[in-house]
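If you want the building blocks of each chain, they are given just below.
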Amino acid sequence: MNEITLSEWLDTWYKLYAEPFLKSSTLVSYDCYIKKHIKPYIGDIKLSELNGIILQQFFNEKYESGKLNESGGLSGKTVLNIRQMLHAALQKALENDLISKNYVEHVRLQRVRTPDTNVLTIDEQKRLMAALEVNPSIYAIGILIALTTGIRVGEVCALKWSNIDMQKKVIKIRQTLQRLPNLNPECKQKTIIVISSPKSDNSIRDIFFNDILLEKIIAHKKFATKKLGIQCTSDEQYVITRCFNKPVEPRTMQDAFKRYLRLADVNEVNFHTLRHTFATRALESGVDYKTLSLILGHADITTTMNRYAHVLDDTKKAAMDKILSQLFL
């Protein structure tokens with residue numbers, strides 16, 4: 001009989017099948033799921049004794065109606081991520097003849113509710129853009145680029161001058177920057193900056209921009225050259241930086257964004273609101289979901305439609321008014 005516990009197998013799976021192949025950000029999440037949310041609760045159970053009832057109870061207890069609980073008060077999205085990881089781990093156990101069935105396949109989860117998205121009103125957007133214009137700083141162009149292209153804060157921070165083609169007016173998204181917990185036990189630093197490929201293959205993309213944004217980017221380059229020196233604005237230097245060869249971190253960009261919100265007299269929101277605002281303005285302008293999905297770098301069009309379906313309520317209302325006016329002739 002197989003005496004390997006789930007904890008022992010997860011350690012083996014992580015080392016053999018996850019660590020050599022996955023991005024640092026994914027490994028950090030998996031490390032947390034395993035050590036904090038799985039091992040303390042069902043880690044001691046032998047693989048031979050694992051069954052669908054045990055797993056269903058485990059996942060049911062992770063919700064607790066959204067309240068904080070012993071497992072940390074997990075969101076529906078996090079529970080879904082844990083299920084996907086555990087399914088992958090047990091699938092490898094099945095392929096190695098350590099279990100006879102992957103019971104995670106039969107676990108039912110509660111429906112993951114799409115969180116509400118904050119969006120700046122057109123008036124708030126205008127006030128923010130005015131504040132960026134009259135209060136120049138190293139960070140202003142990063143906020144403006146995020147608002148006018150919808151790129152993520154990590155993508156903003158990872159931008160180098162070589163990623164911006166001034167002639168073709170294209171921003172090439174090729175990397176993202178994150179500060180992550182350090183999983184290397186030999187390193188004393190608790191966290192490290194990780195610059196890697198974007199969130200998914202679809203996130204590697206080219207985004208076109210217009211002459212107005214080009215003027216702002218050129219002005220920022222002149223500002224940065226004067227403030228930091230020409231060595232800080234060469235091709236392989238970061239667009240948003242305070243010194244040579246060093247990027248600005250997402251948290252620093254968020255702090256700068258909050259300062260500009262105060263200057264613009266706009267209620268505090270997080271940096272990701274700029275992405276939602278861009279997407280909302282795009283749909284309001286008549287951009288189709290497929291094109292918007294490509295610009296945002298979503299994995300598929302469904303993600304875009306689910307996240308921003310509410311934006312077109314006015315458009316749908318107008319369409320229904322038109323249809324019904326014909327039916328009630």
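That block above? That's the structure.
All of these numbers come straight from a predicted model, not from anything done at the bench.

**Q** Before we move on, could you go through the overall build of the protein chain and cite the residues and values that matter?
**A** Looking only at helices and strands, one finds 13 helices and seven strands in the protein chain. In terms of overall dimensions, the protein chain has a C-alpha envelope of 70 × 70 × 35 Å along the principal axes. Counting the 329 residues in the protein chain, one finds 43% classified as buried. Contacts in the protein chain between residues far apart in sequence, at least 24 positions, make up 63% of those at least 6 positions apart.

**Q** Explain the side chain of Lys 62 to me, and be specific about the residues and the numbers.
**A** Relative to the helices and strands, Lys 62 resides in the loop between α3 (52-61) and α4 (76-95). Here Lys 62 occupies a buried position and makes no salt bridge, while the nearest side chain of opposite charge, Glu 61, is found at 7.3 Å. Reaching out from Lys 62, the side chain makes a polar contact with the backbone oxygen of His 37 at a distance of 2.8 Å.

**Q** How would you sum up the sheet that holds strand β5 (residues 205-208)? Please name residues and give values.
**A** In any sheet, the strands associate via hydrogen bonds between backbone groups, in a parallel or an antiparallel arrangement. Read across the open sheet, the three strands follow the order β1-β2-β5; overall the sheet is antiparallel. Looking at strand neighbours, the two that pair on one side only are β1 (164-165) and β5, the edges of this open sheet.

**Q** Summarise the nonpolar core; cite the residues concerned and give the values.
**A** Residues Leu 128, Ile 143, Ile 240, Met 253 and Leu 274 are the most contacted members of the largest nonpolar core, which totals 44 residues. Elements represented by at least two residues in this core include exactly α5 (122-134), α6 (140-149), α7 (153-158), β2 (170-173), α8 (211-228) and α9 (250-263). Each residue touching Ile 240, except ones within four places of it in the same chain, is listed here: Ile 138, Tyr 139, Ile 141, Gly 142, Val 156, Lys 246, Pro 247, Val 248 and Met 253.

**Q** Can you tell me about the packing of α5 against α6, naming the residues and giving the values?
**A** Where α5 meets α6, the closest approach of the two axes is 10 Å, and the angle between their N-to-C directions is 150°. Of the possible angle classes, the one that applies to α5 and α6 is roughly antiparallel. Of the two elements, α5 crosses α6, and the hand of that crossing is left-handed. Residue-level contacts link Gln 125, Leu 128, Met 129 and Leu 132 of α5 to Ala 140, Ile 143, Leu 144 and Leu 147 of α6. Tallied by class, the residues present in the contact of α5 with α6 amount to seven nonpolar, one polar and no charged.

Conventions used here
- In this convention, every chain numbers its residues from 1, walking through the sequence in written order.
- For this predicted model, a pLDDT threshold of at least 70 governs which residues receive local features, and a threshold of 80 or more governs which side-chain atom pairs are given and counted, while totals over whole chains, interfaces and linings are taken from all residues.
- Note that the side-chain values use all heavy atoms of the structure and ignore hydrogens as well as water.
- Only DSSP runs of H or I covering at least 4 residues are called helices, and only runs of E covering at least 2 are called strands; the numbering of each starts at the N terminus.
- Here's how the labels work: a residue is buried when its accessible area is under 20% of the maximum for its type, exposed when over 50%, partly exposed in between, all with a 1.4 Å probe on protein chains only.
- Only heavy atoms matter for contacts: two residues are in contact if any of them lie within 4.5 Å across the pair.
- Charged residues are defined here as Lys and Arg on the positive side and Asp and Glu on the negative side; His and the ends of the chain fall outside this count.
- Here, a salt bridge means any side-chain nitrogen of Lys or Arg that lies within 4 Å of a carboxyl oxygen of Asp or Glu.
- As used in this structure description, the phrase polar contact means that two N or O atoms lie within 3.5 Å; if the pair is within protein, one of them must be able to donate a hydrogen and the other to accept it, and residues adjacent in sequence are counted only when both atoms belong to side chains.
- Strand pairing is defined by DSSP finding a minimum of two bridges between the two strands.
- What is meant by a nonpolar core is a set of buried Ala, Val, Leu, Ile, Met, Phe, Trp, Tyr and Cys residues, joined one to another through side-chain atoms within 4.5 Å.
- Geometry is summarised by axes, namely lines fitted to C-alpha atoms with helices restricted to the contacting stretch, and by angles between N-to-C directions that run from 0 to 180 degrees.
- Working rule for angles: under 35 degrees goes down as roughly parallel, over 145 as roughly antiparallel, 65 to 115 as roughly perpendicular, anything else as oblique.
- Left-handed is the label given to a crossing in which the near helix is rotated counterclockwise from the far helix by less than a right angle, and right-handed is the label when the rotation is clockwise.
- Basically, the charged four are Asp, Glu, Lys and Arg, the nonpolar ten are Ala, Val, Leu, Ile, Met, Phe, Trp, Tyr, Cys and Pro, and anything else, Gly included, counts as polar.

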